[in-house]
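Single-letter residue listing:
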Amino acid sequence: MTGLTIGIIGLVLTVLLCGIGSGLGLKATGKASAGVLAEDPSKFSKVIVLSLLPATQGIYGFLIAILGASNLPTPANAAGATYAQITAQGWNVFWACLPMMLGGAASAYLQGRTAASTIIAVGKKGEIASRSIIFPAMIEFYALLGLVVSIMMFGNIPVEDISKTVTAPEAPQALTGALHALTAFFGA
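Note that this is a predicted model, so its numbers are computed, not measured. Numbers given to residues run from 1 along each chain, matching the order in which its sequence is written. Given that the model is predicted, a residue must reach a pLDDT of at least 70 before its local features are reported, and side-chain atom pairs must reach 80 or more before they are shown or counted; all residues, however, enter totals for whole chains, interfaces and linings. In computing side-chain values, all of the structure's heavy atoms are included and hydrogens and water are not.

Asker: Please clarify how helix α4 (residues 83–124) should be interpreted in this entry.
Answerer: Helical geometry: 3.6 residues make up each α-helical turn, so side chains three or four residues apart lie on a common side. Starting at the N terminus, helices and strands are each numbered in turn, a helix being any DSSP run of H or I of at least four residues and a strand any DSSP run of E of at least two. How far a helix is expected to stretch is found by multiplying one less than its residue total by 1.5 Å. Counted at 1.5 Å a residue, the expected span for α4 with its 42 residues is 62 Å, and the 61 Å between its end C-alpha atoms agrees. The angle separating two fitted axes, one through the seven residues that finish at a residue and one through the seven that start at it, defines the bend at that residue. At C97, α4 shows its largest kink, close to 35°, and the proline P99 lies no more than four residues downstream.

Below, the structure written as structure tokens:
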């Protein structure tokens, strides 16, 4: 399997799992909203935001796939790189996708369930709508953490010149050098 294939698998899984999580979350909120609106259509403005919250993770997954695509190993940035370095670049892209891939899928599903419960509560007592949004919003925070961590990880992948990618045989030498630098810095 080439580095390009590994990277593409990471990008596709991110979009796919975040999309599935968002779809399942939206299914839960849609069902709850339909029930509330069947009873009282005037509560539409109170339930629409809660209904749409799980969709954001699908958008975040798509955003990570777009950002990650620019980090894939291509002939332009792989000139002079070894096969191991190109493969490592693909794994770098895959691992950078992982926080959003898993965090987005899980948080979208769980946020949908939480938002659905909140929608039902708003259906019973409409005046709690503005206060109750905090419950599914807390779950959104963890989706945002996954997004930020994935973006930060992409920011540390060498893109212009893959030949600068450290591979497994070079890793112990790089680690030893880093430990020597830390030892010198802290004077130990």
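Asker: Mind showing me how you'd approach the state of the cysteines here?
Answerer: Working definition: the covalent bond between the sulfur atoms of two cysteines is a disulfide. Cysteine sulfur atoms that come within 2.5 Å of each other are treated as a disulfide pair. Counted by the stated rule, this structure contains zero disulfides. C97 supplies the cysteine sulfur nearest to C18, a cysteine that is in no disulfide, at a spacing of 9.4 Å. Assessed through its relative accessible area of 0%, C18 is described here as buried. Residue C97 is classed as buried on the basis of its relative accessible area of 0%. Note on classification: 1.4 Å probe, protein chains only; a residue is buried when its accessible area is under 20% of the maximum for its type, exposed when over 50%, partly exposed between these limits.

Asker: Whenever I open this one, the nonpolar core confuses me. Can you help?
Answerer: A general feature of soluble globular proteins is that nonpolar side chains tend to end up buried together. We define the nonpolar core as a collection of buried residues of types Ala, Val, Leu, Ile, Met, Phe, Trp, Tyr and Cys that are connected through side-chain atoms lying within 4.5 Å of one another. Counting residues in each nonpolar core, the largest one holds 17 residues, and the members touching the most others are L11, I64, V93, C97, M100 and F154. Mapped by element, the contributors of at least two residues to this core are α1 (3–39), α3 (55–69), α4 and α6 (134–155). Among the elements that take part in this core, α4 stands out by supplying six residues, more than any other. Membership of the second largest hydrophobic core comes to ten residues, among which are V36, L50, L53 and A116.

Asker: How do you make sense of α6 when you look at a structure like this?
Answerer: Here α6 is 22 residues long and its end C-alpha atoms lie 31 Å apart, about the 32 Å a rise of 1.5 Å per residue gives. Along α6, the positions that sit buried rather than exposed are P136, I139, E140, A143, G146, L147, S150 and F154. Down the axis of α6, the buried set is contained in an arc of 110°. They therefore lie on one face. Away from its buried face, by an angle of more than 90 degrees, α6 presents the exposed residues Y142, M152 and G155. The arc in question is traced by the directions running from the helix axis to the C-beta atoms.

Asker: It is not clear to me how the packing of helix α2 (residues 44–52) against α4 should be interpreted in this structure. Could you clarify?
Answerer: The description of two packed helices rests on the angle between their axes and on the distance between the axes. A fitted line through C-alpha atoms serves as each axis, taken over the contacting stretch for helices, and the angle formed by two N-to-C directions is quoted from 0 to 180°. Direction vectors running N to C along α2 and α4 enclose 175°, while the axes themselves pass 9 Å from each other. Taken together, the axis directions place α2 and α4 in an arrangement best described as roughly antiparallel. Contact with α2, carried on its side by K46, V47, L50 and S51, involves A115, T118, I119 and V122 of α4 and no other residues of that element. When its residues are assigned to classes, the contact of α2 with α4 shows five nonpolar, two polar and one charged. For classification, angles of less than 35 degrees are called roughly parallel, those exceeding 145 degrees roughly antiparallel, those between 65 and 115 degrees roughly perpendicular, and all remaining angles oblique. Contacts: residue pairs with any heavy atoms within 4.5 Å of one another. When residues are grouped by polarity, Ala, Val, Leu, Ile, Met, Phe, Trp, Tyr, Cys and Pro land in nonpolar, Asp, Glu, Lys and Arg in charged, and all others, Gly among them, in polar.

Asker: Looking at this model, I keep getting lost on the packing of aromatic side chains. Mind explaining?
Answerer: To describe a pair of aromatic rings, you give the distance between the ring centres and the angle between the ring planes. Ring geometry is summarised as follows: Phe, Tyr and Trp rings, the Trp one being its six-membered ring, pair when their centres sit within 6.5 Å, and such pairs are stacked at plane angles under 30 degrees, edge-to-face over 60 and tilted between the two. What the rule picks out here adds up to four aromatic pairs. Geometrically, the ring pair formed by F94 and W95 is edge-to-face, given 5.3 Å between the ring centres and 85° between the ring planes. Classification of W95 as partly exposed rests on a relative accessible area of 44%. Ring centres of F141 and Y142 lie 5.2 Å apart, and the angle between their planes is 80°; this geometry places the pair in the edge-to-face category.

Asker: Would you explain the environment of T82 in this entry?
Answerer: Within the secondary structure layout, T82 lies in the loop between α3 and α4. Look at T82 and you get partly exposed, because its relative accessible area is 42%. Linking T82 and I162, residues 80 residues apart in sequence, is a C-alpha distance of 8.7 Å.

Asker: Just to check I follow, could you spell out the packing of α1 against α4 for this structure?
Answerer: Taken N-terminus to C-terminus, the directions of α1 and α4 make an angle of 0°; their axes are 7 Å apart at the nearest point. In this view, α1 runs roughly parallel relative to α4, as classed from their interaxial angle. When the residues that make up the contact of α1 with α4 are grouped by side-chain class, the tally is 24 nonpolar, 14 polar and one charged.

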